[in-house]
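Fold and contact review
Spelled out from the first residue to the last, the chains are:
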Amino acid sequence: MRPHIIVNVAMSADGKLSTRERRQVKISGIQDFNRVDRLKAGSDAVMVGIGTVLADDPSLTVKAEECRNNRIKRGADEHPIRIVVDSRARISPDAAIFRKGTGKRVIAVSRKADPKKLEHLKKLATVIIAGDEEVDLPQLMEELGTMGIQRIMVEGGGTLIAGLIAADLVDEIYSYIGNIIIGGKDAPTLTDGEGFLHESQFCRLTLLEARKIETGMLLHWSVDHPQ
Ligand code: NAP
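Here we summarise the structure given alongside this text.

Criteria and thresholds
Residues numbered from 1 in each chain as written. Predicted model: local features only at pLDDT ≥ 70, side-chain atom pairs only at ≥ 80, totals over all residues. Heavy atoms only, no water. Helix = DSSP H or I, 4+ residues; strand = E, 2+ residues; numbered from the N terminus. Rg over C-alpha atoms; globule rule 2.2 N^0.38 Å. Contact = heavy atoms within 4.5 Å. Areas by Shrake-Rupley, 256 points an atom, 1.4 Å probe, with all protein chains shown as cover. Salt bridge = Lys/Arg side-chain N within 4 Å of Asp/Glu carboxyl O. Buried < 20%, exposed > 50% of the residue type's maximum accessible area, 1.4 Å probe, protein only. Arc of directions from axis to C-beta. Polar contact = N/O pair within 3.5 Å; in protein donor to acceptor, adjacent residues only side chain to side chain.

**Re the overall build of the chain**
When helices and strands are counted, the chain shows seven helices and nine strands. Over its C-alpha trace the chain gives a radius of gyration of 17 Å, about what one expects of a compact globule, namely 17 Å for 227 residues. The contacts of the chain with a sequence gap of at least 6 include a subset with a gap of at least 24, amounting to 67%. When the accessible surface of the chain is totalled, it reaches about 12,000 Å², and 51% of it is carbon and sulfur.

Below, the structure is given as structure tokens:
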């Protein structure tokens with residue numbers, strides 16, 4: 001069975017995840033940061049696309065000691081499994097996800113990845129090969145399910161989220177909307193990719209909660225899966 005997938009992003013009031021140069025910006029405050037840390041701590045794995053690793057070099061670790069201790073108490077690793085979707089194995093061995101924190105890492109590649117690069121990567125992470133060109137996301141999720149991963153938090157970016165939504169693999173979305181306008185037609189949004197052309201293809205959502213946090217608003221959606 002595939003894992004339950006929760007997307008979490010912070011976006012500006014005009015729906016941008018970062019600047020058009022793909023430079024990370026501060027969109028939310030400490031209260032929302034702590035919510036995201038707890039969501040991460042409650043997940044078996046946290047996933048990002050290679051675009052996010054190259055732009056932001058996140059460690060994807062759980063920051064609060066209390067959250068890490070709670071994970072250990074329930075028999076889990078200190079940090080969730082960190083997964084990068086990276087067809088061509090472009091990730092650097094010096095990336096923060098390898099340098100920071102303990103625990104498992106998974107790099108999902110396609111058959112396009114250079115086997116020599118994969119040899120090096122296998123020393124740092126579990127490598128899953130799925131798909132010929134880009135990573136076959138349904139196949140990847142099935143494989144992650146067989147590894148016992150039941151709940152994945154996806155932290156972006158917009159291209160990976162678009163792929164997951166197009167494959168109907170997303171179950172919940174948390175989007176924090178901050179009180180800034182970033183602008184720029186080329187700035188990343190919650191869902192980039194090609195977009196849907198027909199109404200019948202649109203991803204439909206049910207609003208579960210809308211809550212003011214600090215100077216912005218948190219929206220929590222569930223995804224209505226087509227029958
Ligand atoms: P991304 O979504 O992180 O990664 C996309 C890449 O994943 C693709 O270009 C592709 O690269 C790889 N990929 C492999 N298989 C795929 C598939 N089946 N479907 C989709 N992608 C696949 O990159 P991004 O859209 O450029 O987003 C990065 C930006 O988002 C940065 O500016 C970052 O700051 C921002 N961001 C913001 C937040 C927030 O909450 N505000 C969170 C995360 C990221 P290959 O072809 O090389 O494999």
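So, next bit.
**Structural notes on the pattern of salt bridges**
Scanning the model with the defined rule gives 12 salt bridges in all. Among the ionic pairs, D171 bridges to R2, the shortest N-O distance being 2.9 Å. Separated by 169 residues along the polypeptide, D171 in the loop between α7 (158-166) and β7 (172-177) and R2 in the segment before β1 (4-11) bring together distant segments of the chain. Given the relative accessible area of 11%, D171 is considered buried.

**Points about helix α6 (residues 137-146)**
Since the α-helix turns once every 3.6 residues, residues separated by three or four places project in the same direction. Considered for burial, the residues of α6 that qualify are L137, L140, M141, L144 and G145. In a view along the axis of α6, the buried residues occupy a sector of 140 degrees, so they form one face of it. For α6, the N-terminal capping position is held by D136, with its side-chain oxygen 3.1 Å away from the main-chain nitrogen of Q139.

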